[in-house]
Amino acid sequence: MNPPPPPAAIFSLLLLISAAAAAAATTRPTATPAAPIEVPPTPSPTSAPSVTRPLLPPTSPSPSSNSLDPKQLRALQSLSIPTFRDPCKQPSLHNATVCDSSEPFRHLIFLRLANCSDDVALSFTALKSLSTLRSLQFVDCPVSPIRFPADLVASLRSFTCTNSLRRLTGVWLSRLENLTDLSVTNVPVNASGPFVILGRMNILKSVTISNANLTGFFPKHLNRNLTHIDFSGNNLKGKIPNSITLLENLQSLNLASNEFNGEIPTSVGDLISLQNLSLASNSLSGSIPESITAIPGLVHLDLSSNQLNGTIPKFLSEMKSLKYLNLESNQFHGVMPFNGSFLSRLEMFKIKGNSNLCYNHSILSSKLKLGIAPCDRHGLPLSPPPAKEDSSADESNSDYDDSDEDDTSSHKKESHDGPNKVVLGVAIGLSSIIFLIVFLVCLSKCCR
């Protein structure tokens with residue numbers, strides 16, 4: 001019997017078998033590699049592998065989507081307008097700029113300078129670079145005006161100046177001949193009248209020169225294409241010329257707060273396109289011309305704070321489009337001719353401040369709070385009742401009939417309170433007499 005193999009020989013045989021098995025495994029296609037290899041990182045779920053979706057090179061923007069012309073960009077920077085954001089991208093910063101779509105660079109066609117700082121100054125070079133502007137606005141920007149370049153003057157169609165541009169003159173404004181829209185508000189304008197400014201503006205459609213300390217007279221000749229005129233809050237004087245009725249396209253006329261006198265032109269009815277008419281706070285006299293009823297679309301009529309007299313014409317109630325009527329603070333007299341159906345159709349009606357005017361209380365209720373007295377049987381205003389001491393009664397602006405009812409009710413209250421005080425006084429008197437008699441009886445008994 002052969003002796004068993006030594007343990008060392010058995011261990012060596014097992015090592016040889018393991019090595020052979022490992023070598024055979026490396027030749028199989030599906031075998032796991034014996035040593036680790038470098039693997040590229042796994043793409044994220046949101047990005048596709050480069051083998052299936054190759055990345056495209058970045059696309060440069062088309063010329064039409066380019067930013068503003070570099071010269072105009074520098075001009076904006078010189079005017080302290082922020083340019084960290086593309087001025088042509090809408091909506092622009094503070095809605096201050098609008099650009100066209102020209103190539104290869106876009107250009108400004110609208111610019112608003114608002115709330116200017118103290119260090120802002122207009123530069124002729126900057127304005128020359130902005131000669132593509134068609135609309136230019138200054139709002140709360142009290143910088144000193146300078147002469148506009150000829151290219152900018154020719155390009156501008158709209159100019160707005162509100163509480164801006166110190167020391168403005170009529171001659172300076174008159175150079176903007178190609179405007180269709182001019183608006184100057186809360187800016188003193190040194191001019192001898194509106195015609196100095198508007199005389200050469202042959203295509204002007206809308207003009208506002210208000211609160212500008214403007215003196216002189218209303219122009220007798222203006223562009224007939226005008227649709228909007230606002231000369232309110234100035235020092236214009238004289239009569240309103242009949243030639244104003246040639247403006248057949250005029251839709252809005254505001255001459256309030258001036259020094260116009262004389263009568264309202266009788267041919268005012270020729271302004272057939274008029275929708276808004278304000279002649280308030282002047283010194284106009286006479287009556288309301290009947291021709292005003294020929295204006296079919298008149299919506300707003302303000303004749304307050306004048307010296308108009310006579311009776312209020314009933315034909316005003318026949319104006320179907322009228323919504324706002326203000327006749328207060330004049331010298332009208334007689335019976336107000338309007339009925340409740342007309343007044344209910346109006347959105348605003350003011351008639352107070354005409355001391356000789358009254359209303360028919362059998363037709364109109366005192367609850368309307370018209371601010372005028374009811375009429376007596378002779379068509380004259382009833383005398384108002386004595387003023388009440390209670391301040392709340394004044395604030396309520398109650399009519400005269402209501403005041404009489406209040407006086408009656410207060411009188412009833414006083415008459416109701418009166419007997420209670422008398423009874424109380426009699427009771428106190430009787431109690432005093434009884435007490436005195438008892439006291440005297442007790443005193444007499446004590447003295448015995």
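Residues numbered from 1 in each chain as written. Predicted model: local features only at pLDDT ≥ 70, side-chain atom pairs only at ≥ 80, totals over all residues. Heavy atoms only, no water.

The name an unreviewed UniProt entry assigns to the protein chain is Receptor-like protein 51, from the organism Momordica charantia.

Undergrad: Sorry, what's going on with the sheet that holds strand β12 (residues 252-254) here?
TA: In space, the 12 strands of this open sheet follow the order β1-β2-β3-β4-β6-β8-β10-β12-β14-β16-β18-β20, with mixed pairing throughout. The open sheet has two free edges, formed respectively by β1 (97-99) and β20 (348-350), since each of these has just one partner strand. The average angle at which neighbouring strand axes cross in this sheet is 5°, direction not considered. Pairing between strand β16 (residues 300-302) and strand β18 (residues 324-326): 3 bridges, direction parallel. By the bridge assignment, H300 is partnered in β18 with Y324. (Pairing = 2+ DSSP bridges. Helix = DSSP H or I, 4+ residues; strand = E, 2+ residues; numbered from the N terminus. Axes fitted to C-alpha atoms, helices over the stretch in contact; angles between N-to-C directions.)

Undergrad: Quick question: what am I supposed to make of the layout of surface pockets here?
TA: Where empty space is left becomes clear once a probe the size of a water molecule has been rolled over the atoms. Empty space within the largest pocket amounts to approximately 300 Å³. I81, P82, H94, A96 and A114 are the residues nearest the centre of the largest pocket, which is lined by 19 residues in total. Tallying contributions element by element places strand β2 (residues 108-114) first for the lining of the largest pocket, with 3 residues. Split by residue class, the lining of the largest pocket holds 10 nonpolar, 6 polar and 3 charged. (1 Å grid on protein atoms, 1.4 Å probe; cavity = no way out; pocket = protein on both sides within 12 Å on 5 of 7 lines; lining within 4 Å. Points joined across faces, edges and corners; volume = space filled by probe spheres on them. Nonpolar A, V, L, I, M, F, W, Y, C, P; charged D, E, K, R; others polar.)

Undergrad: Explain the sheet that holds strand β21 (residues 356-359) here, please?
TA: Neighbouring strands of a sheet are bound in pairs by backbone hydrogen bonds; such pairs are parallel or else antiparallel. Strand order across the open sheet formed by 8 strands is β9-β11-β13-β15-β17-β19-β21-β22, with parallel pairing between neighbours. Of all the strands in the sheet, the pair left with one neighbour each is β9 (215-217) and β22 (373-374). Summarising the sheet, strand β13 (residues 259-263) and strand β15 (residues 283-286) pair through 3 bridges and their orientation is parallel. Counted as the bridge partner of N261 is S283 from β15.

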